[in-house]
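Below, each chain spelled out in residue letters.
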Amino acid sequence: MNNDGKVWKGAAVLALGIAIAACGGGGGGSASGGNVSGGDDPGDGSDGGAGTLSGLTGDADNQDLLYFSHSYETGENPGTGQTMYRSVLYALDPANPEMPTALPLDTRDSAQGDDMGRSHYVPLYEANIDASDGSVSDYRVADVLFLHNRLNGSETSEGFARVGAEVGAPDPVRVSSETYLGAAVTGAGTLVRQNYSDSGDAAVVYGLPGNEKRVRMTFGPGDAPGSSGGGTVHHVVDIDAFGANDSLNRQTYLVLSDYGGTQCDEGYRLAMDHMYPEGGNSISNTNLLPGGREAKRAVPLGGPLNDGSQYLIIDTVIDTGIAGRPCLSEGGTLWRYDTTQPFEKLVQVLDESNEPLVFPEGIAGGAVVPQERHLAREGGVLYFGIAELFGMTPQDIYRVEGESWSVLSEQEEPLGWELGFIIADEGRVVASAGNGVVSWNSLGGDRKVLDTTEADWSGSIQSEVLGSRDGWIFYTRAHITGRDDAVARKIDGSDAMVIEDARWIGASLSGKGDAIGDMTDLSEVFLETNDREIAAVSAADPKAGYVVLGQHNGQCEAGVCYSASMYGLAPGPHRLIQVQRDDDTTEVYYANTREQGSLRKVIDDPTGEQRPVTGF
């Protein structure tokens, strides 16, 4: 069942080579053949459909620099035989997109592979956060934190560096005296602490448990990393959630600690740890878990709420009090920490029967943490599902509000591992469920099947647009013939639009949000056609038309030409798009949604991997 409703004819434009089926509520369906969806004529003799536009309006008006990397093989180390790589970070001024600038700090003779575009560069954000309600405006990348080991090609300059995104920003600067091999900005155990009021006071925590280090962006090239000694085993989350609450004198984390001793062999105290400008730290002697519990593991679930509170999944153990008996494992359950009352104990989230929500245990041990794409929120309410790797069994979808949890919907079809989605907007929740799209009201009632496809393979419903605008959601639906359709649909099912032989690849943000942990308010949405064209629509009114940005030269295999990707939601109108040219090469393209035909390749170098830094 495809409830795509009435189809407006004449929406296809040869410049784009696709058909738009603009649909109202009601019955009807899609035809199985050709590029134009089937259905009824509007009956008024008019074109009825949306066409091409010269550009989109209403974007976030972000005119800052854009950053991307180029990582490629440079030969073998004659001593070890290892393949060596170089990675360069480029800045692109949207006012002159044909002239990218390579930064003087880069990485050379590294054995870390051509995946350095992902592992070596992370965004640091700034935003205006209203202290009265936690709402956000002007959200954007302000700096890029990155790894390097060279200055101007030959001079050694190691470890961390950062560079600003504002046009005319100074050259990048080294941060701390950490070495290249000792530093990390991604990976297990690494925590990048944002400071939304001033990215220059952000920080990064890295290293192995029990030997983690901390570096603040205020550190100069001669400043040694701060040690997490004094009992800190692992940093769980920063608890000055808004960033604006960061003190110039200290930054506070929630940590696993063995300071003062523990009762259980595998247990740690959950405590506050303060980091000071010079790198030292002090740990509270209060265990924030109640009832004699200790934590084996703890991870945050989603970002902070607009009141600053934070949900965590904690694997707890408790001393039985019986001599000779080991501590009892309680499994991974959900807890809430109120950062406005930092010395108060965490509260376990319970259902109406006072039962905790117990998370399934993963193959490697510890609770399975929901993927970000399977977690959504609206206001102070959190919705999530826990997808299995092979996605073979039905699953529940949960609703969490305050210190209470409930099942929003029971035994739904699998969400889809690394492909599916849960989105909340306008008082409703929508999820990919098997080969369909299902919607409920915020309490789990009024269940509606919005869409299904006869294609019953994994990933037949998927999305790279994890946000919404005015009730519009965006997902890609596979057809039984193998064709993909880009679908825009109202979350209550009242309206829809289908673009055949196309898929959504990413989106831009409005720069506004209800909370810093929920930046999903879309502005423009990007699609790729099977003719290798890139276009964009307004997230608030996708039926108003599309701007054709241009055509790329990505690879085609067996008649399938989808090869474009975007990284992260970010404010427009200027964005970067990665295109897979062949199995071993990716290229970066620039696009401006205000300007038809603005798509252009940034550097013409058919070697290695070019990749936008996440957030650009």
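Quantities reported herein were computed from a predicted structural model and do not represent experimental measurements.

Novice: I tried to follow the overall build of the protein chain on my own but got confused; where do I start?
Specialist: If you tally the helices and strands in the protein chain, you get one helix and 46 strands. The buried share among the 616 residues of the protein chain stands at 54%. For the protein chain, the proportion of contacts with a sequence separation of at least 24, taken over those separated by at least 6, is 55%. With an accessible surface of roughly 24,300 Å², the protein chain has 46% of that area assigned to carbon and sulfur atoms.

Novice: In this structure, what is going on with the sheet that holds strand β26 (residues 381-385)? I would like to understand it.
Specialist: Strands belonging to one sheet form pairs held by backbone hydrogen bonds; the direction of such a pair is parallel or antiparallel. The four strands lie next to each other as β25-β26-β27-β28, forming an open sheet whose pairing is antiparallel. Both edges of this open sheet fall to β25 (375-378) and β28 (404-412), since each of them pairs with a single strand only. Each adjacent strand pair in this sheet contributes to an overall mean axis angle of 20°, direction not counted. Bridge analysis of β25 against β26 gives four bridges, and the strand direction is antiparallel. By the bridge assignment for β26, leucine 375 is matched with phenylalanine 384.

Novice: So what exactly am I meant to see when it comes to the environment of glutamate 355 here?
Specialist: By the secondary structure assignment, glutamate 355 is in the loop between β23 (347-348) and β24 (358-359). Glutamate 355 sits in the partly exposed class, given a relative accessible area of 44%. The contact partners of glutamate 355, leaving out residues within four places of it in the chain, are Val349, Leu350 and Trp405.

Novice: Please clarify how the pattern of salt bridges should be interpreted in this entry.
Specialist: Oppositely charged side chains may form a pair once their charged atoms are brought near each other. Scanning the entire structure with this criterion turns up 32 salt bridges. Taking the shortest distance from any N to any O, the salt bridge between arginine 140 and aspartate 138 comes out at 3.4 Å. Judged by its relative accessible area of 17%, arginine 140 is buried. A relative accessible area of 41% places aspartate 138 in the partly exposed class. Notably, a salt bridge pairs arginine 489 with aspartate 451, separated by 3.3 Å at the nearest N-O pair. Of the two residues, arginine 489 sits in strand β35 (residues 484-490) while aspartate 451 sits in strand β32 (residues 448-452), which places them 38 residues apart along the sequence. The residues arginine 489 and aspartate 451 share a single accessibility class, namely buried.

Rules used throughout
- Residue positions are counted from 1 within each chain, in the order its sequence is given.
- The model is predicted, so local features are restricted to residues of pLDDT at least 70 and side-chain atom pairs to those at 80 or more, both for listing and for counting; the totals for chains, interfaces and linings are taken over all residues.
- Derived side-chain values reflect all non-hydrogen atoms in the structure, with water molecules and hydrogen atoms excluded from consideration.
- In DSSP terms, a helix is any run of H or I states spanning at least four residues, a strand is any run of E spanning at least two, and both are numbered starting from the N terminus.
- Throughout this description, buried means an accessible area under 20% of the type-specific maximum (1.4 Å probe, protein chains only), exposed means over 50%, and partly exposed covers the range between.
- A contact between two residues is defined here by any heavy atoms of the two lying within 4.5 Å.
- Residue-level accessible areas treat just the shown protein chains as cover; the underlying method is Shrake-Rupley with a 1.4 Å probe.
- At least two DSSP bridges between two strands are needed for those strands to be called paired.
- For helices, the fitted line uses only the C-alpha atoms of the stretch in contact; every axis is such a line through C-alpha atoms, and the angle between N-to-C directions lies from 0 to 180 degrees.
- Note on definitions: salt bridges are taken to be side-chain nitrogens of Lys or Arg within 4 Å of carboxyl oxygens of Asp or Glu.

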